[in-house]
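Summary of the model geometry
Take a look at the letters that make up each chain.
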Amino acid sequence: MSCESTKPVIKATENQMINKSDEALMNQVQRDVLKYFWEEAEPNSRLGRERYHEDNIYPQNDKNVITTGGSGFGMMTILVGVERKFIPRKEAVQRLTTMADFLAKSDRHHGAWSHWINGETGKTVPFGKKDNGGDLVETAFLVQGIISVREYFKNGNQEEKILAQKMDDLWKGVEWNWYTKGGEKTLYWHWSPTYGWEMNFPLKGYDETLVTYILAASSPTYPIDAETYYKGWTRNGTYTTDKTKYGLPMYVKHNGAEEYGGPLFWAQYSYLGLDPTGLSDRYVANYFDLNKNQVLIDYKYCVENPKGWKGYGPNYWGLSAGYTRNNDGSVGYTAHTPINDSGVINPTAALSSFPYTPKESMDFLRFLYQEKPEFIGSAGPYDATSINYNDWFTPRYLAIDQGTISPMIENYRTGLLWNLFMNAPEIKQGLKKLDFKSTKYTF
């Protein structure tokens, strides 16, 4: 079924947009997506709900389930809101303090939080039958936000310094080295108090999880060594490739997606804080080039449009994970890529790629707000859209998709989150330990 907006489209908004400058458009979308984490936050914990549905239909009865990774992105979105004066600094400090206090009392599994948490009780909500314990990757995405908040407020007033200390305590409690399953030279994604290591998901090869290793190496309390990174993540250096697509080098083998690269969130989730600009390690000469090429390959695929979807082109592109349109017209979920392309565009893909493709991302942003106002709802662009299917959209949002948009646009504009995270002393030390070098941050 094709979903219609629950609110009438206000044509005045569309007309106001037409003459707005690029800066104003970026302000507009940053302000809009902030609403997900500010106005629509889970009311008790104040953290980011896993999903927010304007239609108020929650098939899994999970309206008050919060997501840890998306909440980390939400913290960074709130920092942008403070910096741009969309929200009062004092109110943000109070809100973030509530979040920190809730996380301190929530279930933890050797220091890691679960993927989903009940926002009312702090108890683990299983993501799957055996996925009912610690989720190290979601924890890493959360900690990326926690460290950014600490750095932003650590030299502030007394209330802000207390907040920074609470965030510091949270991050130092994560037992990263526990997730090597007894000293194996790789990190594992999950551990369950009832099923142990049965999920058995090692973090090996290139995907969205790089920042997990960075944080684990940087931990002053439960660190991993460099060997774990190079044996695990890089597969002993075998994850590099000489392959190209559209004449663009891939540099690394994307897990299960070696021809075109993975969904675009792979160039985003780990890089809200981790600045790829001029960043290298033993095998990758420049992470920015790696990410930029992944996004450009996706862009060029959409422009080429081999499946002939209506609407695809320079102004409407970007394949990532999120809601989708099933064949029967109902709403589903998938990781869209060039090899899993169903004619559905998730706006987060292009909008969260601003640092890599500023012109192409701006063309998408302008098109969306000027030409497709029906694709914009109460908390910014809807999660899934399709011109091909008669301007289909779902009036629903996901935290992990809305949460990357404002931070990545801000990194393009001012480098705010990159500067906070990269200048954290532990992060610099951890990167050095792994033989990373940065021309931008001079190490």
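Values in this document were obtained by computation on a predicted structure and should not be read as measured data. (Residues numbered from 1 in each chain as written. Predicted model: local features only at pLDDT ≥ 70, side-chain atom pairs only at ≥ 80, totals over all residues. Heavy atoms only, no water.)

1. Examining the nonpolar core
What tends to happen in soluble globular proteins is that the nonpolar side chains get buried as a cluster. Counting residues in hydrophobic clusters, the biggest one holds 133 residues, and the most contacted among them are Met-75, Leu-215, Tyr-229 and Tyr-287. If near-sequence neighbours (up to four positions away) are discounted, Leu-215 is found in contact with Ala-140, Val-143, Gln-144, Ile-147, Trp-171, Trp-176, Phe-421 and Ile-427. Val-344, Ala-384, Trp-392 and Leu-398 belong to the second-largest nonpolar core, a separate cluster that totals 5 residues. (Core = buried A, V, L, I, M, F, W, Y, C linked by side-chain atoms within 4.5 Å. Buried < 20%, exposed > 50% of the residue type's maximum accessible area, 1.4 Å probe, protein only. Contact = heavy atoms within 4.5 Å.)

2. Some words on the packing of helix α4 (residues 89-105) against helix α6 (residues 158-172)
Look at α4 against α6: their axes get within 10 Å of each other, and the N-to-C directions meet at 30°. Comparing the axis directions of α4 and α6 gives the class roughly parallel. Helix-helix and strand crossings are classified by hand; for α4 and α6 the assignment is left-handed. Residues Arg-89, Lys-90, Val-93, Gln-94, Leu-96, Thr-97, Ala-100, Asp-101, Leu-103 and Ala-104 of α4 pack against Glu-159, Glu-160, Leu-163, Lys-166, Met-167 and Leu-170 of α6. Per-class residue counts for the contact of α4 with α6 are 8 nonpolar, 2 polar and 6 charged. (Axes fitted to C-alpha atoms, helices over the stretch in contact; angles between N-to-C directions. Helix = DSSP H or I, 4+ residues; strand = E, 2+ residues; numbered from the N terminus. Parallel < 35°, antiparallel > 145°, perpendicular 65-115°, else oblique. Left-handed = near helix turned anticlockwise from the far one by under 90°. Nonpolar A, V, L, I, M, F, W, Y, C, P; charged D, E, K, R; others polar.)

3. Considering helix α12 (residues 399-413)
For α12, which comprises 15 residues, the first-to-last C-alpha distance of 22 Å matches the rise-based estimate of 21 Å (1.5 Å per residue) to within 8%. The element α12 is largely enclosed, with a buried count of 14 among its 15 residues. Residue Gly-415 follows α12 closely and has a positive phi angle near 75°. (Expected span 1.5 Å × (residues − 1).)

4. Observations regarding the side chain of Ser-352
Relative to the helices and strands, Ser-352 is located in the loop between α10 (348-351) and α11 (358-371). Take Ser-352: its relative accessible area is 0%, and that puts it in the buried class. The residues contacting Ser-352, other than those within four sequence positions of it, are Gln-268, Thr-404, Ile-405 and Met-408.

5. Some thoughts on the pairing of strand β11 (residues 331-335)
The pairing of strand β10 (residues 321-325) with β11 spans 5 bridges and is classified as antiparallel. Bridged to Tyr-323 within β11 is Tyr-333. The antiparallel pairing of β10 with β11 creates a hairpin that spans 5 residues between the two strands, and Gly-329 there sits at a positive phi of about 90°. (Pairing = 2+ DSSP bridges.)

6. Comments concerning the pattern of salt bridges
Tallied over the full model, the rule gives 27 salt bridges. Between Glu-50 and Arg-51 there is a salt bridge, and its shortest N-O distance comes to 3.7 Å. When its relative accessible area of 9% is taken as the criterion, Glu-50 is described as buried. Lys-185 is the salt-bridge partner of Asp-225, the closest N and O atoms lying 2.6 Å from each other. Here the residue Asp-225 occupies a position in the loop between α7 (210-218) and α8 (226-233), and Lys-185 occupies one in the loop between α6 and β6 (190-191), the gap between them amounting to 40 residues. You can call Asp-225 partly exposed: its relative accessible area is 31%. You can call Lys-185 partly exposed: its relative accessible area is 29%. Each of Arg-150, Glu-151, Lys-154, Asp-168, Lys-172 and Glu-426 takes part in a single network of salt bridges with overlapping partners. (Salt bridge = Lys/Arg side-chain N within 4 Å of Asp/Glu carboxyl O.)

7. A word on the packing of helix α5 (residues 136-153) against α6
Viewed as axis vectors pointing N to C, α5 and α6 meet at an angle of 150°, and their least axial separation amounts to 8 Å. Here α5 is positioned roughly antiparallel relative to α6, judged by the angle of their axes. In terms of crossing hand, the pair formed by α5 and α6 is left-handed. Residues Val-143, Ile-146, Ile-147, Val-149, Arg-150 and Phe-153 of α5 pack against Glu-160, Lys-161, Leu-163, Ala-164, Met-167, Asp-168, Leu-170 and Trp-171 of α6. A breakdown of the residues in the contact of α5 with α6 according to their chemical character gives 10 nonpolar, no polar and 4 charged.

8. Structural notes on the side chain of Ser-192
In this structure, Ser-192 sits in the loop between β6 and α7. Residue Ser-192 is classed as buried on the basis of its relative accessible area, which comes to 2%. For Ser-192, the side chain forms a polar contact with the main-chain nitrogen of Tyr-195, separated by 2.9 Å. Not counting chain neighbours up to four residues away, the residues in contact with Ser-192 comprise Lys-130, Asn-132 and Gly-133. (Polar contact = N/O pair within 3.5 Å; in protein donor to acceptor, adjacent residues only side chain to side chain.)

9. Considerations on unusual backbone geometry
For Lys-85, which is not glycine, the phi torsion reads 65° and is therefore positive. One can find Lys-85 in the loop between α3 (68-83) and α4.

10. Thoughts on the confidence of the model for the protein
With 95% of its residues at a pLDDT of at least 70, the protein reaches an overall mean of 95. Low pLDDT, under 50, characterises residues 1-18; the stretch is placed with 30 contacts to residues that sit more than four places away or in other chains. (pLDDT = per-residue confidence, 0-100.)

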